[in-house]
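Structural overview for review
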Amino acid sequence: MSTATPGIGLPDSRTLADDAPRTRVELSIGGMTCASCAARIEKKLNRMDGVEATVNYATERASISYAPGLAVDDLIATVERTGYTAEAPQPEPEAGPDPAGDTGDTGAAPDGLAALRQRLLVTVALSLPVVLLAMVPALQFRNWQWLSFALTGPVVAYGGWPFHRAAWTNLRHGAATMDTLVSLGTLAAFGWSTWALFLGTAGMPGMTHGFSLEVGAGDASSTLYLETAAGVTAFILLGRYLEARAKRRAGAALHALLSLGAKDAAVLRDGREVRVPVSALAVGDLLVVRPGEKIAADGVVAEGSSAVDTSLLTGESVPTEVAPGDPVTGATVNCGGRLVVRATGVGADTRLARMAKLVEEAQNGKAAAQRLADRISAVFVPVVLAIAVATLLGWLAVSGNAAEAFTAAVAVLIIACPCALGLATPTALMVGTGRGAQLGILIKGPEVLESTRAVDTVVLDKTGTVTTGQMALRSVHTVEGVSGAEALRLAGALEHASEHPIARAVADAAAAAEPDGVLPPVDGFRNTPGLGVQGVVQGHLVLAGREGFVHGDGALPEPLLAARESAERSGLTAVTVGWDGAVRAVLVVADAVRPTSAEAVRRLRALGLTPVLLTGDNRAVAASVAREVGIDQDQVIAEVLPEDKAAVVARLQAEGRTVAMVGDGVNDAAALARADLGLAMGTGTDAAIEAADLTLVRGDLRAAADAIRLSRRTLGTIKGNLFWAFGYNVAALPLAAFGLLNPMIAGAAMAFSSVFVVSNSLRLRSFQGQRD
């Protein structure tokens, strides 16, 4: 960013423009046929003052940030002047059968794919006899070449029309793309053959024609390339069709995520149920959700209790029990009783909509390696044209045979394939991020994938991440003659009247221990802040709280004293309970460790990460939790103020570590942003989720290991794709230039390269989160 000239108080105009608030928009781009198309559009948009644009060939989207003074119409006009179409993205259609027969796929219009398939079938039907006649001399009957000519004409005109049209459009705009190479190659092959048939000797009755995988010498006037024109067109159309179909499958996860929500809802209006579309819902509406129905919006249960299946959003198969006051998420399924839900988030404010937006933004991003591939694609076609001309001239100079020279030059035109370069990253991102969304893992962008590769240390916030963040009863210790059940019943009945977190832990444990879940009533309840509570339960005056409050200056009986001291050494909370003038029990309460945390730590270690426990609690509490989940004591950092968590991450980074941070609270946001990789628990605060690179939708630390595994797998797929795409072009172009590839075989290889890259990315759909 520019700054003001030293000594002058006003910044320059560029600084003002840079500092002004910018607007973001996404446009759907039409007419792109290869990666070089995307590179051209991106280059044109970025030449506009105040515009920063990224164009994604696989998703057919342009993500644009522009300064005040510009309008979306200006951006669309620039795209159209480049030779393509642009419009604001249309709302997602409701899920339904695909007219093309690929139910559930997305990423291309069904009608467009059906039309492409029809063009492909006609082309293959006409091309097959041409290729067979050329490759099998035994099939070459008298005047066979004229039948081949009659069949090839419609193939080049109808089958190749998309390539010729795009090539002409690009030519009018002074550009060349992959379509230019295909159009030039097929028209040149057909044109040469037409000349040889009508003006040369190739049209003579009884003429036979051999076939070779390499360039072969021959008389120019008798050499036909009809099989090249027909075969290349068919192969490349097949590649385009398979690529389009695979791209739709790659985006299927996001489409499925967007279609999860309910289409309508039953709303209570003036005491009556009225069914309305979800677009008509408002915050505060009371939604009636019957068993088996989807919850139409985020909200809070107002009436009823049930089990809710959240697997569609979180990947967690075990239903969650909900009761009045519990939050519920839109698109989850009510499995049990009737619920009345008060809507708190509708439309774009629902958790589902925010998840879909995060995934979509991630799919529009580009990794550093992909940006290099895009730059190569932008200059690739002109370079290939130059190589083709050089090949033609070189062969003419060396051999003097026009047929050999032409065959090698056409092979160079056909073999080139920048499409694979353009598809390498976005297709893997589409599949990886979509699969992550299905498993409850939201990846914000390709830069995140680069970070997961280098991470060697994972910092785990204790409260709400390793632990539940809620107090729970650990143990009950009583004097001789008093049962634990009696002590817990009396203490729980008393604490039930209090809202203190420790009191709630005792009361919940006591209620769970009762056969009917009902605790005795309490009379004369009184709360003494900072000390404890008292009241009459079943005729006993019961006190619970600090030792001095319950027993005055007296000493605890030996068993209870030992229990209290042991709890305090472990950093746990001891609640003293007495009734009828005597201390009779000590209840030990602590923040409950998540039952999956120990397994999660083991899985993180298996990925080569060193777990570090970070907490603001005292050292004894932290050490106890670390022992329980398997974290080394020398990797425990305790008594850290919330505002100092980011400094701890910075200190670890200064030691040479690459740090991932897992947290869920507002006080974790700075540390999540400071870490090399931030992972937010989706059950946490919006601030933490916004600051993180990865969001784990379900509150299960095991998902952190799954997220890192998926990110690394996606990054590995991207690198494999790029290696193949670069390696293919590096190896194939010299083979074609030196006459070692027949143009038709070159066309098949070019089509296969793009299909390979997309198919390799689709393997990410089989990624599974680890289960016990």
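Residues numbered from 1 in each chain as written. Predicted model: local features only at pLDDT ≥ 70, side-chain atom pairs only at ≥ 80, totals over all residues. Heavy atoms only, no water.

Put simply, the test is: UniProt positions are given in the numbering used here, feature names are shortened, and annotations may be inferred rather than shown by experiment.
As annotated in an unreviewed UniProt entry, the protein chain carries the name Heavy metal translocating P-type ATPase and is attributed to Streptacidiphilus jeojiensis. Under the Sequence similarities (unreviewed entry) heading, UniProt states for the protein chain: "Belongs to the cation transport ATPase (P-type) (TC 3.A.3) family. Type IB subfamily." Note on the protein chain: under the UniProt heading Subcellular location (unreviewed entry), the record states "Cell membrane".

Structural notes on the overall build of the protein chain
Stated precisely, the cut-off is as follows: Counting from the N terminus, the helices are the DSSP runs of H or I reaching at least four residues and the strands are the DSSP runs of E reaching at least two. We call two residues in contact when some of their heavy atoms are within 4.5 Å. All accessible-area figures derive from a Shrake-Rupley calculation using a 1.4 Å probe, and residue coverage is judged against the displayed protein chains alone.
A tally of helices and strands in the protein chain yields 27 helices and 26 strands. Here the contacts in the protein chain between residues at least 6 apart in sequence split such that 70% fall between residues at least 24 apart. About 32500 Å² of surface is accessible on the protein chain, with carbon and sulfur atoms providing 58% of the total.

Observations regarding the packing of helix 13 (residues 402–415) against helix 26 (residues 702–737)
As a reminder of what qualifies: Interaxial angle, 0 to 180 degrees, is taken between N-to-C directions of lines fitted to C-alpha atoms, where a helix line uses only the stretch in contact. For this classification, under 35 degrees means roughly parallel, over 145 means roughly antiparallel, 65 to 115 means roughly perpendicular, and everything else is oblique. Handedness of a helix crossing follows the sense of rotation of the near helix relative to the far helix, less than a right angle counterclockwise being left-handed and clockwise being right-handed.
For the pair helix 13 and helix 26, interaxial distance at closest approach is 8 Å and the crossing angle is 165°. Classified by the interaxial angle, the pair formed by helix 13 and helix 26 is roughly antiparallel. The handedness of the crossing between helix 13 and helix 26 is right-handed. Residues Ala408, Ala411, Val412 and Ile415 of helix 13 pack against Tyr728, Ala732, Leu733, Ala736 and Ala737 of helix 26.

Re the pattern of salt bridges
Quick note on the threshold: Salt bridge, as applied in this entry: a Lys or Arg side-chain nitrogen positioned within 4 Å of an Asp or Glu carboxyl oxygen. Residue burial is assigned from relative accessible area. The probe radius is 1.4 Å, only protein chains are included, and a residue is buried under 20% of its type maximum, exposed over 50%, and partly exposed in between.
One pass over the structure, following the stated rule, counts 17 salt bridges. Across the pair Asp461 and Lys645 runs a salt bridge whose closest N-O atoms are separated by 2.7 Å. Taken together, the positions of Asp461 in strand 15 (residues 457–461) and Lys645 in helix 23 (residues 645–654) put the pair 184 residues apart, joining distant regions of the chain. Residue Lys645 is classed as buried on the basis of its relative accessible area of 4%. The salt bridge partner of Arg657 is Glu655, with a shortest N-O separation of 3.6 Å. Given a relative accessible area of 23%, Arg657 falls into the partly exposed group.

Observations concerning the sheet that holds strand 20 (residues 573–579)
Stated precisely, the cut-off is as follows: Note on pairing: DSSP must find at least two bridges between two strands before they are called paired.
Taken in spatial order, the 6 strands make up an open sheet running 16-21-20-19-18-17, and their pairing is antiparallel. For this open sheet the edge positions go to strand 16 (467–478) and strand 17 (522–528), each flanked by a neighbour on one side alone. Averaged over all adjacent pairs, the angle separating strand axes in this sheet is 20°, with direction ignored. With 6 bridges connecting them, strand 18 (residues 532–537) and strand 19 (residues 540–545) associate as antiparallel partners. When the sheet's bridge partners are listed, Val533 is paired in strand 19 with Ala544. The sheet strands contacting helix 20 (residues 558–569) are strand 16, strand 20 and strand 21 (582–593), and the helix crosses strand 21 at an angle near 20°.

Focus on the side chain of Gln140
Selection rule: Polar contact is defined as a pair of N or O atoms within 3.5 Å, subject to the rule that within protein one atom must be able to donate a hydrogen and the other to accept it, and that residues adjacent in sequence are counted only when both atoms are side-chain atoms.
Looking at where Gln140 falls in the secondary structure, it is placed in the loop between helix 4 (110–135) and helix 5 (144–159). Of the polar contacts made by the side chain of Gln140, one reaches the backbone oxygen of Leu133; its length is 2.8 Å.

Brief notes about a positive patch on the surface
The condition that has to hold: To count toward a patch, a residue needs a relative accessible area above 30% and no salt bridge. Like charges then connect within 9 Å, nonpolar side chains (Val, Leu, Ile, Met, Phe, Trp, Tyr) within 5 Å. Under the convention used here, Asp and Glu are negative, Lys and Arg are positive, and both His and the chain ends fall outside the count. Charge placement uses NZ in Lys and CZ in Arg. For Asp and Glu, CG and CD serve respectively.
Together, Lys43, Lys44, Arg47 and Arg81 make up a region of like positive charge exposed at the surface. By secondary structure assignment, the location of Arg47 is in the loop between helix 2 (35–46) and strand 2 (51–56). Overall, the relative accessible area of 56% leaves Arg47 in the exposed class.

Points about the packing of aromatic side chains
Counted only if it meets this: Classification of ring pairs uses Phe, Tyr and Trp, with its six-membered ring standing for Trp, and accepts pairs whose centres are within 6.5 Å; under 30 degrees between planes counts as stacked, over 60 as edge-to-face, and the remaining range as tilted. Working rule: Lys NZ or Arg CZ, within 6 Å of ring centre, within 35 degrees of ring normal, means a charge sits over the ring.
Using the criterion set out here, one finds 7 aromatic pairs in the structure. The interplanar angle of 5° and the centroid separation of 5.5 Å between the aromatic rings of Phe149 and Phe190 together place this pair among those described as stacked. Of the two residues, Phe149 is situated in helix 5 and Phe190 in helix 7 (residues 178–198); the sequence distance between them amounts to 41 residues. Across the pair, exposure class does not vary: Phe149 and Phe190 are buried alike. Aromatic side chains Trp192 and Trp195 sit 6.1 Å apart centroid to centroid with 70° between the ring planes, which places their arrangement in the edge-to-face category. Separated by 3 residues within a single helix, Trp192 and Trp195 lie in helix 7, roughly one turn from each other. In this structure Trp195 comes out as partly exposed when scored by relative accessible area, which is 39%. Grouped by ring-pair contacts, the aromatic residues Trp146, Phe149, Phe190 and Phe198 constitute a single cluster. Between the NZ or CZ atom of Arg119 and the centre of the ring of Tyr158, over which it lies, the distance is 4.6 Å.

Things to note about helix 22 (residues 619–629)
Among the residues of helix 22, those classed as buried are Val621, Ala622, Ala623, Ser624, Val625, Ala626 and Val629. The inward-facing, buried residues of helix 22 abut helix 16 (462–466), strand 16, strand 21, helix 21 (597–606), strand 22 (610–614) and strand 23 (636–637). Positive phi shows up at Gly630, right after helix 22, with a value of about 95°.

Focus on a nonpolar patch on the surface
Taken together, the side chains of Leu128, Leu132, Met135, Val136 and Leu139 make up a nonpolar region of the molecular surface, amounting to roughly 400 Å² of accessible area. Following the sequence through the fold, Val136 ends up in the loop between helix 4 and helix 5.

Topic: the pairing of strand 21
Extensive coverage of strand 21 is indicated by the burial of 10 of its 12 residues. Here strand 16 pairs with strand 21 via 8 bridges, running antiparallel. Counterpart to Met471 in the pairing with strand 21 is Asp591. Inspection of the sheet shows strand 20 paired to strand 21 by 7 bridges, in the antiparallel sense. Among the inter-strand pairings, Ala574 is bridged to a residue of strand 21, identified as Val588. Between the end of strand 20 and the start of strand 21, which pair antiparallel, lie 2 residues, with Asp580 showing a positive phi angle near 55°.

Overview of the sheet that holds strand 3 (residues 61–66)
Pairing between the strands of a sheet comes from backbone hydrogen bonds, and it takes one of two forms, parallel or antiparallel. Taking strand neighbours across the sheet as the criterion, the 4 strands line up as 2-3-1-4 in an open arrangement whose pairing is antiparallel. The sheet is open, and its two borders are formed by strand 2 and strand 4 (85–87), each paired with just one other strand. Each adjacent strand pair in this sheet contributes to an overall mean axis angle of 25°, direction not counted. Here 6 bridges tie strand 2 to strand 3, and the two strands are oriented antiparallel to one another. For Val55, the partnering residue across the bridge sits in strand 3 and is Ala62.

A look at helix 3 (residues 72–81)
The test is simple: Here the arc refers to the set of directions running from the helix axis out to each C-beta atom.
What helix 3 keeps buried is the set Leu75, Ile76, Thr78 and Val79. Take helix 3 and look down its axis: the buried residues cluster within an arc of 160°, on one side only. Residues Asp73 and Arg81 are exposed on helix 3 and point more than 90 degrees away from its buried face. A positive phi of about 110° marks Gly83, the residue just after helix 3.

Considerations on the environment of Glu495
Structurally, Glu495 can be placed in helix 17 (residues 484–495). Filtering out sequence-adjacent residues up to four positions away, Glu495 remains in contact with Ala503, Arg504, Val506, Ala507, Val533, Ala544 and Val575.

Some words on the environment of Thr391
With respect to the element layout, Thr391 can be found in helix 12 (residues 368–398). Exposure remark for Thr391: the relative accessible area of 5% places this residue in the buried category. Spatially, the C-alpha atom of Thr391 lies 6.7 Å from that of Ala408, the residues being 17 residues apart in sequence. Non-local contacts of Thr391, meaning those with residues more than four positions away in its chain, are made with Ala408, Ala409, Val412 and Ala737.

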